[in-house]
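The primary structure of each chain is shown beneath.
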Protein chains: 2
Amino acid sequence: MPLLVVGSVALDSVETPTEKRDDVLGGSAVFFSYAASFFTPVRLAAVVGDDWPEEHTRLLEARNIDTAGLQVVAGAKTFRWRGKYLDDMNQRETVDVQLNVLGRFEPELPESFRRCPFVYLANGPTGLQLKVLDQCPGATLTVADTMDLWIRTEPDGLREVLRRVDGLVLNESEARLMTGEKNLVRAGAMVLEMGPRFVVVKKGEHGAMFFSEHETYVLPAYPTPNVIDPTGAGDSFAGGMMGYLAEQGNFEPKTLKEAMAYGILVASFTVEDFSLGGLQKIGREDLQQRMEEYRRMLSF
Amino acid sequence: MPLLVVGSVALDSVETPTEKRDDVLGGSAVFFSYAASFFTPVRLAAVVGDDWPEEHTRLLEARNIDTAGLQVVAGAKTFRWRGKYLDDMNQRETVDVQLNVLGRFEPELPESFRRCPFVYLANGPTGLQLKVLDQCPGATLTVADTMDLWIRTEPDGLREVLRRVDGLVLNESEARLMTGEKNLVRAGAMVLEMGPRFVVVKKGEHGAMFFSEHETYVLPAYPTPNVIDPTGAGDSFAGGMMGYLAEQGNFEPKTLKEAMAYGILVASFTVEDFSLGGLQKIGREDLQQRMEEYRRMLSF
């Protein structure tokens, strides 16, 4: 089934302890879309400026990602993010953010986008997330991401989002910030009480936790020795997860756990190169192979 | 099969964000022994002063832990450690250490101890670890723990220990310190090259990684909402792991992975109370029940 994502498209500049890349393709909706495209057709709603290289659009379209919802704003610039990873690659500093066109993004979804049964709201202002939900009243499954900025500055909007979505994806520090609870098992359960039917807490190199009314579990990350650039890992985790759910057409507990595992594995390829490099090298069969290794790793 | 442990016995004073305990039973060999005693007879070699409460010895003996190797030094004091956990329970400060009798511990193992097929060298000076290895030339499986202090101050002794043991257990920061490599998958592989047949990297609330020539895997921690005091988690992980191996009488890959899982589960009970409180509440059947939940959590 088709999967809609609304989020950011960016030109990223990334510095790691050993390498540097400038103005590479990035943004939450880009990592998400590409990751999901291993599983299902994707519809991408985002905004760019007229500095946006047309080749990036073609790259996405070649993956069965519908870019009819990609607004190009004349006379304006694409969102830019510049970040730097510290020595152990688990911590990063945002060096510079230029919101540019992203600051006034008003998604007006094409009709076919509004009818998507699976909807993902990448990290963004809660007002924007709510407007997308308004436009997709018939969605089967809606999942949102958020970040510390909106937790701090838009608590009311976030509460409203949490009441309206089926699932929330956030990282561990955000779960702690949102609840004031340090123990992640408790924090996840507290977020669940705020409204969604399930909550996924991303733990970076340590995997991800899942919370629903009847289940709490944690799955480890796939242990890759080859971490080049963690940028986009969380968004491609979500893309792999949602892509698999949309492909399967349901979100039963069994499917959700498999989806978590696919998200973890897609993310493990993302971190093995800059930008989309890690994902561009692989096909679905590489995901299957790593899935077999991952299942073997977890059985005893 | 019987399992020998040589390590510290301590009186711990522990402060968490919400509670405090003074002079409770602690030390690496104590947590290890008690955890292992769910699976196999244990022989404990350690040293205490004449301030040592005799009831602690009786508590251990009631668990089929042979204390014939527990030296009591007259006119001297037992090792004392005082620590404080910070807000998220993942970081702790050592507030005070009084080595006392531990500073001149010279293990002279009884004959029955020397014939133990399974041997665990808890964290301690490398000279002491080597003396124990000298006394147990016929051991089937020898595993050592270490810490940042010995990595920094006794690199030659540690290299010798690594050449002589079958397995090494250490935590993630120690693996990084020992190798200068930040990526844990690489760091573990590098430690493996220093001599042991397998390496276990403990990641606290994130579980543990295993490295051997043919296998690398990670198992997550059991997600408990109830973390009261993490003291002894690493030692009881090792105790559960080694206890299970000794019970099974082999260390084939399949047994090692099950042993890792038992170590993780025993540790998950340890953190649910101060000192040995969490382990004293349970029996083998509680471990089995949590093992079933853990297996269910990891299968999809």
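Rules used throughout
- Residues numbered from 1 in each chain as written.
- Chains lettered and ligands numbered in written order.
- Predicted model: local features only at pLDDT ≥ 70, side-chain atom pairs only at ≥ 80, totals over all residues.
- Heavy atoms only, no water.
- Contact = heavy atoms within 4.5 Å.
- Buried area = accessible area lost by both parts, 1.4 Å probe.
- Salt bridge = Lys/Arg side-chain N within 4 Å of Asp/Glu carboxyl O.
- Polar contact = N/O pair within 3.5 Å; in protein donor to acceptor, adjacent residues only side chain to side chain.
- Helix = DSSP H or I, 4+ residues; strand = E, 2+ residues; numbered from the N terminus.
- Least-squares fit on C-alpha atoms with pLDDT ≥ 70 in both.
- Pairing = 2+ DSSP bridges.
- Axes fitted to C-alpha atoms, helices over the stretch in contact; angles between N-to-C directions.
- pLDDT = per-residue confidence, 0-100.
- Buried < 20%, exposed > 50% of the residue type's maximum accessible area, 1.4 Å probe, protein only.
- Parallel < 35°, antiparallel > 145°, perpendicular 65-115°, else oblique.
- Left-handed = near helix turned anticlockwise from the far one by under 90°.
- Nonpolar A, V, L, I, M, F, W, Y, C, P; charged D, E, K, R; others polar.
- Core = buried A, V, L, I, M, F, W, Y, C linked by side-chain atoms within 4.5 Å.
- Phe/Tyr/Trp six-rings, centres within 6.5 Å; stacked < 30°, edge-to-face > 60°.
- Lys NZ or Arg CZ within 6 Å of the ring centre and 35° of its normal.

I tried to follow the interface of chain B and chain A on my own but got confused; where do I start?
By a frequent convention, interface size equals the accessible area lost on bringing the separate parts together. Across the boundary between the two partners, chain B contributes 34 residues, which contact 34 residues of chain A. For the pairing of chain B and chain A, the buried interface totals around 2,800 Å² over both sides, and the portion due to carbon and sulfur atoms is 60%. Run the count over chain B and chain A and you get four salt bridges. A salt bridge links Asp87(B) to Lys182(A); its shortest N-O distance comes to 3.7 Å. Scanning the region where chain B abuts chain A turns up 16 residue pairs in polar contact (both at pLDDT 80 or more). Elements represented by at least two residues in the side of chain B that touches chain A include exactly helix H7 (172–179), helix H8 (184–192), strand E13 (216–219), helix H10 (253–270) and helix H12 (284–297) of chain B. By residue number, the principal contributor to the side of chain B that touches chain A is H12(B), which donates five residues.

How should I be thinking about the relation of the copies chain B and chain A in this particular structure?
Superposition of the two copies of the chain requires a rotation about an axis and a shift along the axis. In the superposition of chain B on chain A (RMSD 0.0 Å, axial shift 0.0 Å), the rotation amounts to 180°. Such a combination of rotation and displacement between the chain copies is what one expects of a two-fold axis.

Got a minute to help me understand the pairing of strand E7 (residues 92–98) of chain B in this structure?
Consecutive side chains along a regular strand alternate between the two faces of the sheet. All names here are of chain B. Looking at chain direction, strand E6 (residues 79–85) and E7 are connected through six bridges and run antiparallel. Counterpart to Trp 81 in the pairing with E7 is Val 97. Counting the residues between successive antiparallel strands, the hairpin from E6 to E7 contains six residues, one of them, Met 89, with a positive phi of roughly 65°.

What is the right way to read the sheet that holds strand E10 (residues 167–171) of chain A from this model?
All names here are of chain A. The strand order across the open sheet formed by nine strands is E5-E4-E1-E8-E9-E10-E11-E12-E13, and the pairing between neighbours is mixed. Each edge of the open sheet carries a strand with a single partner, namely strand E5 (65–73) and strand E13 (216–219). Neighbouring strand axes in the sheet, compared pairwise and without regard to direction, differ in orientation by 15° on average. In the sheet, strand E12 (residues 208–212) pairs with E13 via four bridges, with the strands oriented antiparallel. Bridge pairing in E13 links Phe 210 to Tyr 217. The strands touched by helix H1 (residues 28–36) within the sheet are strand E1 (3–6), strand E4 (42–49), E5 and strand E8 (118–121), with E1 carrying the most contacts at an inclination of about 165°. Relative to E13, helix H10 (residues 253–270) is tilted by about 25°, and along the sheet it contacts strand E11 (198–202), E12 and E13.

Explain the confidence of the model for chain A here, please?
Low pLDDT means the predicted coordinates in that region are not meant to be read closely. Of all residues in chain A, 100% attain a pLDDT of 70 or more, and the chain-wide mean is 96. Here the predicted complex carries an ipTM of 0.92, next to a pTM of 0.95.

So what exactly am I meant to see when it comes to the pattern of salt bridges here?
Two side chains that carry opposite charge are able to pair once their charged atoms sit near each other. All names here are of chain A. For the structure shown, the criterion picks out 39 salt bridges over all chains. Here Arg 82 ties to Asp 22 by a salt bridge, and the two come within 3.5 Å at their closest N and O atoms. Separated by 60 residues along the polypeptide, Arg 82 in strand E6 (residues 79–85) and Asp 22 in strand E3 (residues 20–26) bring together distant segments of the chain. Exposure remark for Asp 22: the relative accessible area of 45% places this residue in the partly exposed category.

Please explain the packing of H10(B) against H12(B) as it appears in this structure.
Helix-helix packing: each pair is described by the crossing angle between the helix axes and the interaxial distance. All names here are of chain B. Packing of H10 against H12 leaves a shortest axis separation of 10 Å and a crossing angle of 115°. Considered as vectors, H10 and H12 are oriented roughly perpendicular to each other. Both H10 and H12 take part in a crossing whose hand is right-handed. Residues Glu 258, Ala 261, Tyr 262, Ile 264, Leu 265, Val 266, Ser 268 and Phe 269 of H10 touch H12, and the partners they reach there are Arg 284, Asp 286, Leu 287, Gln 288, Arg 290, Met 291, Tyr 294 and Arg 295. Looking at the contact of H10 with H12 residue by residue, the classes come out as nine nonpolar, two polar and five charged.

Would you take a moment to explain the nonpolar core for this structure?
For soluble globular proteins, nonpolar side chains are generally found buried alongside one another. Counting residues in hydrophobic clusters, the biggest one holds 210 residues, and the most contacted among them are Leu219(A), Tyr294(A), Met241(B) and Tyr294(B). In this structure, Met241(B) is in contact with Val169(B), Phe198(B), Val200(B), Ala259(B), Met260(B) and Gly263(B), ignoring residues within four places of it in sequence. Core analysis: the next-biggest nonpolar cluster, separate from the first, contains seven residues, Val14(B), Phe79(B), Met89(B) and Phe274(B) among them.

What am I meant to see in the packing of aromatic side chains here?
Aromatic ring pairs are described here by two measures, namely the spacing of the ring centres and the angle between the planes. Going through the model one piece at a time under the given rule, you end up with 16 aromatic pairs over all chains. The interplanar angle of 10° and the centroid separation of 4.2 Å between the aromatic rings of Phe32(B) and Tyr120(B) together place this pair among those described as stacked. Linking Phe32(B) in helix H1 (residues 28–36) with Tyr120(B) in strand E8 (residues 118–121), this pair joins segments that are 88 residues apart in sequence. With relative accessibility at 0%, the residue Phe32(B) sits in the buried group. Overall, the relative accessible area of 1% leaves Tyr120(B) in the buried class. Pairing Tyr34(B) with Phe38(B) gives two aromatic rings, centres 6.1 Å apart and planes at 70°, and the pair type is edge-to-face. Each member of the pair, Tyr34(B) as well as Phe38(B), carries the same accessibility label: buried. Linked through ring pairs, Phe39(A), Tyr244(A) and Tyr262(A) together constitute an aromatic cluster. The aromatic ring of Tyr217(A) is capped on one face by Lys257(A), whose charged end is 4.6 Å from the ring centroid.

It is not clear to me how the sheet that holds strand E5 (residues 65–73) of chain B should be interpreted in this structure. Could you clarify?
Residue and element names in this part refer to chain B. Pairing within the open sheet is mixed, and its nine strands lie in the order E5-E4-E1-E8-E9-E10-E11-E12-E13. What marks the edges here is a single partner per strand, and that holds for E5 and E13. In this sheet, neighbouring strand axes are inclined to one another by 15° on average, regardless of whether the strands run parallel or antiparallel. Bridging between strand E1 (residues 3–6) and E8 involves four bridges; their strand directions are parallel. Residue Leu 4 lies in a different strand from E8, and its bridge partner there is Val 119.

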